[in-house]
Each structure stands twice: as C-alpha cells, then as structure tokens.
Amino acid sequence: MRLPPEDIFIAERSAASSGGCPAIGSLSSCADRNELLRTLLINPGGAKSILRADPREGCAGAACDWDRMVEAAVREGVAPLLFHQIRRHEIEDYLPPGCRSNLSDIFLTNLKRNLSMIGSLRPVLSAFQSGGIPCIVLKGIVLAERVYPNIGLRGMSDVDLLIRKKDLFRADAALTALGFASRDATPAEAVQNPVGYLASLEYRKAETAPLNLNLHLHWHPVNTSVPATAFVDQIDVDRLWEMSVETEVADCPVRMLCPEHLIIYLCEHALRVGHSFDRLILVCDIFYAIKAFETCIDWDFMIGESWRFNLSRFVYHGLSIVKHHTALSIPDACIARLRPSDLSRGEKYFLKLQFSNRRIRGSSYFIYLAMNRGLPAKLGLIARTLFPPDRILLQRHYLKDAEFSKSLYFLRIREVLSQLWNMLAIGRGKTH
C-alpha cells in the first residue's frame, strides 16, 4: 500500500475554528497548556503565534511551563509525537534545554522499543505465513508503520493480531513452538467466552526474554469485559476480512483493515468503556488515519458500514470529538448522517466532558446505555457489567478455574463505582 508524503499529515487549523489562541501570559494554566499541546501535535506551525515571537525573550520561563507540558504529553501518550513536531517545525529553541533533552530521550527510547518489537514480531508473522494463518494487524504497530509519519511516533505496549476463530488452535501451536504461552486463559477456555465479551488471548514468552513481547491474539475486533451485546452480533467479521488490504508490517506480508473499516474500528476502540477517549493519543490515531487515507476514503461507504455494523453511534461521537480538537475537515454532512435521532442526555453529557477537555475512563458507558433501548435492557446492561460471567472475571485476573472466588465480584463492583466517582468529580470540575 502506498502512502502519501509526510507533508499531508499537517492539518491547517485556523484561530477561528479553534476558538483563538490563548494569551501569552496564561499558558501556565492547565486548560491553555492542553490547548497548546493539541496545537503542537496537530498544527505545530500555528504554535508560534501562541508562543513569543523571539524564543530568546524568555518564553521558556513565564509564558509556558514546559516541564508540565512534557509531563502531560507523557500522560497523554503523545510525547514522541510532540518531539517530532517540535523538531520538524523548528520550535526547539522555545524549550529549555532540559525539556528538549527529556523529549529527545523519550522519542529515542520509544523508537528503539518499537524497532525491537518489530524484530520480535517478525518470527511470529513468518510462522503464521508459513502455516497458512492469515492475520490482520490492528492498532499500534500498523499505525506506527503505515499511518504516522515516523515509526517512532506511536508508542505501544502490545501487538494486536486478528485471526479467524477457526485458526485459533493452529495459531496457538505456532506461538507455542516459538516459546510463547497464553497467560490469561487457554484457547479451549477462551473460545467458549460468551459473545460480546473478551475475544482474545494474551501471549508472552518467559520473563527472562530480552524483550517480553506482549501479543494479543483476537478472533473478533470487539474485546471487552463490559457487555457489547447490543452491537457485537451485527459486526460482520467476514466482511472485514473480505475488505481488508494487503500491506507489510515488520517486513512481512500481512493485512490491515481497509481505511473505512479502520476509522470505524478506531472510533469503537477509543470509545470502549476502558478508554473513553481518556488520552490524546486516541484522538491522534483517528486524526492521522484520516489524513493518511483522505484521498481514498469513501465517506458514503464508511457511513453505510457504520450503520450496517450498528456502530454509527460510536463513529458519530468519535468523529465529533476528533473534529472538535483538531478542526479536521470531516464533512459536516457526514457527521450529520451519523448523528443518532435519539441522542441521550448521557451522551450529550459525555460530549460536554470531552469538549471541555475533561476525559475519564468509563464515561463512554453512557453510549453503551443509549444503545440498550428500554429500561429493562439498560438494567440488564448494568447487571451484566457488575456481574460478568465467571469465565470473564477469571481471564481478566489471570486466574484458573480452581482459583475462582466471589471476592472477584466485590473487586469488580469497587472498580465500577470508583470510575463512576471519578467521572462525577470531573463533571463537577474537582479534578483536571
């Protein structure tokens, strides 16, 4: 697959569309640091209008707390990308030497890790190819290699591969031969998981391995402990395979989702309850994916597929959030065609939090509630969230059947209530 040149990744963002630039003296505030961080990530050329015209006039001190900016970038998963944009657009002189050095170290560490992960993944992909096991590479590594301008810009903690469910046991045998072992469950156990819950296995080598590659093997793109029963059955996995495209990852022939399905998938992934667009990297993933394929995206097809898979709500919210934070030129008519006719109060509250740059894991649960129509269905979703099947709890906690305890449900309820409390606190503006 041929990608456009790097220059295509830089979007134009006007002051009018972003609400204007913050004043020079106010960049020490959290809100304005977030605004500057987004500008540096998406439109670094426009950041100079926020910063002082001459970096030698002391911008590094009064105008911007760069140490906190770097801390925020690390927290948001975008520090390598921030370094790339600052260096490429010659903004380095605005940063104190210590911050420049810190960002450079983060970028180089991430680049080395990504290259090591690619080296560790290559034997896996080669073994799958030799064994006639096709796979679609999801998220991190395919985004780093095929979407972002540089392979070191997208951090990743694991590698996600989608295989056909019928190939699971052959894939397990191939991984076992390479020294990997499933850590959270056995294939025989996981394949029996109820539809709409976890649909993956986590593989790792022995702890003594130089780079302990964390490999997630999926047989369905939706993988969650919060029941996705309202939409999971309508996702045509065979259609994803049929429309997938050939590419290369780790110098091996693999497949990736077609651009339209990739955007749909990234929206659904970012809006899982465990994510809820809680970090800017999830916004950047969608932004850069759209910029990478903007000349070939068929928006009518993407909208049709979103409705076909019953994921139009996810795509509506995902694109609305990305457009708000990046001023990406997504056609308004497309978003309007995706907008639910029955947008709930909870969904509006969720968007209000996102547009106010108050992001918290768990807040996208409002979308899941809206997709379960009627009070009985909503109460059923809440009950299944608090009390998922035993098998799901065991897999989440890396436990065997004999280790099951009812205390796992206590931990689950405490986790859910903790997320609810954090969300309410952020909604009241008590935390950043």
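Along each chain, residues carry numbers from 1 onward, in the same order as the chain's sequence is written. Where totals are concerned, whole chains, interfaces and linings use all residues; where local detail is concerned, this predicted model gives features only for residues with pLDDT of at least 70, and gives and counts side-chain atom pairs only at 80 or more. Side-chain figures throughout are based on the complete set of non-hydrogen atoms in the structure, without hydrogens or water.

1. Things to note about the packing of aromatic side chains
Put simply, the test is: Ring pairs shown here join Phe, Tyr and Trp side chains whose ring centres sit within 6.5 Å, with only the six-membered ring taken for Trp; geometry is labelled stacked below 30 degrees between planes, edge-to-face above 60, and tilted in between. Strands are runs of DSSP state E lasting at least 2 residues, helices are runs of H or I lasting at least 4, and numbering of each runs from the N terminus. Partly exposed residues are those whose accessible area sits between 20% and 50% of the maximum for their type, while under 20% is buried and over 50% is exposed, using a 1.4 Å probe and protein chains only. Consider the ring centre and the ring normal. A charge sits over the ring if Lys NZ or Arg CZ is within 6 Å of that centre and within 35 degrees of that normal.
Summed over all chains, the structure comprises nine aromatic pairs. Where Tyr148 meets Tyr288, the ring centres are 4.9 Å apart and the plane angle is 35°; that geometry is what we call tilted. Taken together, the residues span a long stretch of sequence, with Tyr148 in the loop between α6 (140-146) and β2 (159-162) and Tyr288 in helix α11 (residues 280-293) at a distance of 140 residues. Judged on exposure class, the residue Tyr148 and its partner Tyr288 are both buried. Look at Phe231 and Phe314: their rings are 5.1 Å apart centre to centre, the planes differ by 65°, and that puts the pair in the edge-to-face class. Here the residue Phe231 occupies a position in the loop between β5 (215-218) and α9 (237-243), and Phe314 occupies one in helix α13 (residues 312-326), the gap between them amounting to 83 residues. Here Phe231 matches Phe314 in class, with each residue buried. Within the aromatic cluster, the residues linked to one another by ring pairs are Tyr148, Phe287 and Tyr288. The ring of Phe107 has Arg87 lying over it, and the distance from NZ or CZ to the ring centre is 5.5 Å.

2. Digging into the confidence of the model for the protein chain
Close inspection of predicted coordinates is inappropriate for parts of the model with low pLDDT. Here is the rule we go by: Scored between 0 and 100, pLDDT is the confidence that the predictor attaches to each residue. The contact criterion used is simple: two residues touch if any of their non-hydrogen atoms lie within 4.5 Å.
Scored by pLDDT, the protein chain has a mean of 85; 87% of the residues are at 70 or more. Scored below 50 in pLDDT, residues 1-28 shows 64 contacts in the model against residues more than four places distant or in partner chains. Throughout residues 56-62 the model reports pLDDT below 50, and contacts reaching past four residues in sequence, or to other chains, amount to twelve contacts.

3. Description of helix α5 (residues 97-130)
Basically, it comes down to this: For a helix, the expected span equals 1.5 Å multiplied by the residue count minus one.
For α5, built from 34 residues, the straight-helix expectation of 50 Å at 1.5 Å per residue is met to within 8% by its first-to-last C-alpha distance of 50 Å. Looking only at α5, the buried set comprises Cys99, Leu103, Phe107, Asn110, Leu111, Asn114, Met117, Ile118, Leu121, Val124, Leu125 and Phe128. At the exit of α5 stands Gly132, carrying a positive phi of roughly 65°.

4. Concerning the packing of helix α4 (residues 79-88) against α5
Threshold: Structural elements are reduced to axes, namely lines fitted to C-alpha atoms, with helices fitted over the stretch in contact, and the angle between N-to-C directions of any two is expressed from 0 to 180 degrees. In these notes the angle categories are as follows: under 35 degrees is roughly parallel, over 145 is roughly antiparallel, 65 to 115 is roughly perpendicular, and the rest is oblique. Throughout, a crossing is termed right-handed when the near helix is turned clockwise from the far one, and left-handed when it is turned anticlockwise from it by less than a right angle.
Direction vectors running N to C along α4 and α5 enclose 120°, while the axes themselves pass 8 Å from each other. Taken together, the axes of α4 and α5 lie oblique to each other. Remark: the crossing between α4 and α5 carries left-handed chirality. Judged by residue contacts, Ala79, Pro80, Leu82, Phe83, Ile86 and Arg87 of α4 engage Arg100, Leu103, Ser104, Ile106, Phe107 and Asn110 from α5.

5. Regarding the nonpolar core
Spelled out, the test is: Here, nonpolar core means buried Ala, Val, Leu, Ile, Met, Phe, Trp, Tyr and Cys residues that are tied together by side-chain atoms lying within 4.5 Å of each other.
Ranked by internal contacts, the top residues of the largest apolar core, which has 127 residues, are Leu121, Phe128, Leu161 and Leu319. If we skip the residues at most four places from it in the chain, Leu161 touches Leu121, Val124, Leu125, Phe128, Cys135, Ile136, Val137, Leu215, His216, Leu217 and His218.

6. Remarks on the side chain of Ser320
Put simply, the rule is: Each polar contact in these results corresponds to two N or O atoms within 3.5 Å; when the atoms are within protein, one needs to be able to donate a hydrogen and the other to accept it, and residues that are neighboring in sequence are counted only if both atoms are side-chain atoms.
With respect to the helices and strands, the residue Ser320 is situated in helix α13. With a relative accessible area of 11%, Ser320 lands in the buried category. In this structure the side chain of Ser320 is engaged in a polar contact, spanning 2.7 Å, whose partner is the backbone oxygen of Tyr316. Look past the residues within four positions of Ser320 in its chain and what remains in contact with it is Ile335 and Phe355.

7. Quick word on a nonpolar patch on the surface
Our working rule: Each patch is built from residues that are more than 30% exposed by relative accessible area and take part in no salt bridge. Like charges join if they lie within 9 Å; nonpolar side chains (Val, Leu, Ile, Met, Phe, Trp, Tyr) join within 5 Å. In these tables, accessible area is a Shrake-Rupley quantity obtained with a 1.4 Å probe, and a residue counts as shielded only by the protein chains included in the view. Whenever a carboxyl oxygen of Asp or Glu lies within 4 Å of a side-chain nitrogen of Lys or Arg, that contact is scored as a salt bridge.
Where nonpolar side chains cluster on the molecular surface, the patch consists of Leu375, Leu379 and Ile382 and spans about 290 Å² of accessible area. Mapped onto the secondary structure, Ile382 falls in helix α17 (residues 375-386). Ile382 gets classed as partly exposed once you look at its relative accessible area, which sits at 34%.

8. Let's talk about the environment of Leu81
Tracing the backbone shows Leu81 in helix α4. C-alpha separation for the pair Leu81 and Cys284, spaced 203 residues apart in sequence, amounts to 9.4 Å. Those residues in contact with Leu81, other than ones at most four positions away along the chain, are Leu41, Tyr148, Leu153, Cys284 and Tyr288.

9. Thoughts on the pattern of salt bridges
Inspection of every chain in the model, using the stated rule, returns 24 salt bridges. Where Arg122 meets Asp251, a salt bridge forms, and the shortest distance between an N and an O atom there is 3.2 Å. A residue pair is termed long-range when its members are at least 10 positions apart, and Arg122 in helix α5 and Asp251 in the loop between β6 (245-249) and β7 (252-256) qualify at 129 residues. Its relative accessible area of 59% is what places Asp251 among the exposed residues.

10. A closer look at helix α3 (residues 66-75)
Along an α-helix, residues three or four apart share an orientation, since each turn contains 3.6 residues. Let me state the cut-off plainly: The directions considered for the arc run from the helix axis to the C-beta atoms.
Within the sequence span of α3, burial applies to Trp66, Met69, Val70, Ala72 and Ala73. Axial view of α3: buried residues confined to an arc of 160°, hence all on one face. Of the residues one or two after α3, Gly77 is the one with positive phi, at around 75°.

11. Quick look at the state of the cysteines
Using the following cut-off: In plain terms, two cysteine sulfur atoms within 2.5 Å form what is called a disulfide here.
Inspection of the entire model under this criterion finds zero disulfides. In this model Cys135 remains outside any disulfide bridge; the closest cysteine sulfur is found in Cys252, 9.0 Å from its own.

12. Describing the packing of helix α10 (residues 259-270) against α11
For the record, the criterion: Basically, the charged four are Asp, Glu, Lys and Arg, the nonpolar ten are Ala, Val, Leu, Ile, Met, Phe, Trp, Tyr, Cys and Pro, and anything else, Gly included, counts as polar.
Following both chains from N to C, one finds α10 and α11 inclined at 170°, their axes separated by 10 Å at the closest point. As far as their axial angle goes, α11 and α10 are roughly antiparallel. The residues of α11 that touch α10, namely those facing Pro259, Leu262, Ile263, Leu266, Cys267, His269 and Ala270, are Leu282, Asp285, Ile286, Ala289, Ile290 and Phe293. Of the residues that constitute the contact of α10 with α11, the class distribution is eleven nonpolar, one polar and one charged.

13. Focus on the side chain of Ser225
Relative to the helices and strands, Ser225 is located in the loop between β5 and α9. There is a polar contact of 3.1 Å between the side chain of Ser225 and the side chain of Arg412. Setting aside chain neighbours within four positions, we find Ser225 in contact with Tyr197, Leu198, Pro388, Ile392, Arg396 and Arg412.

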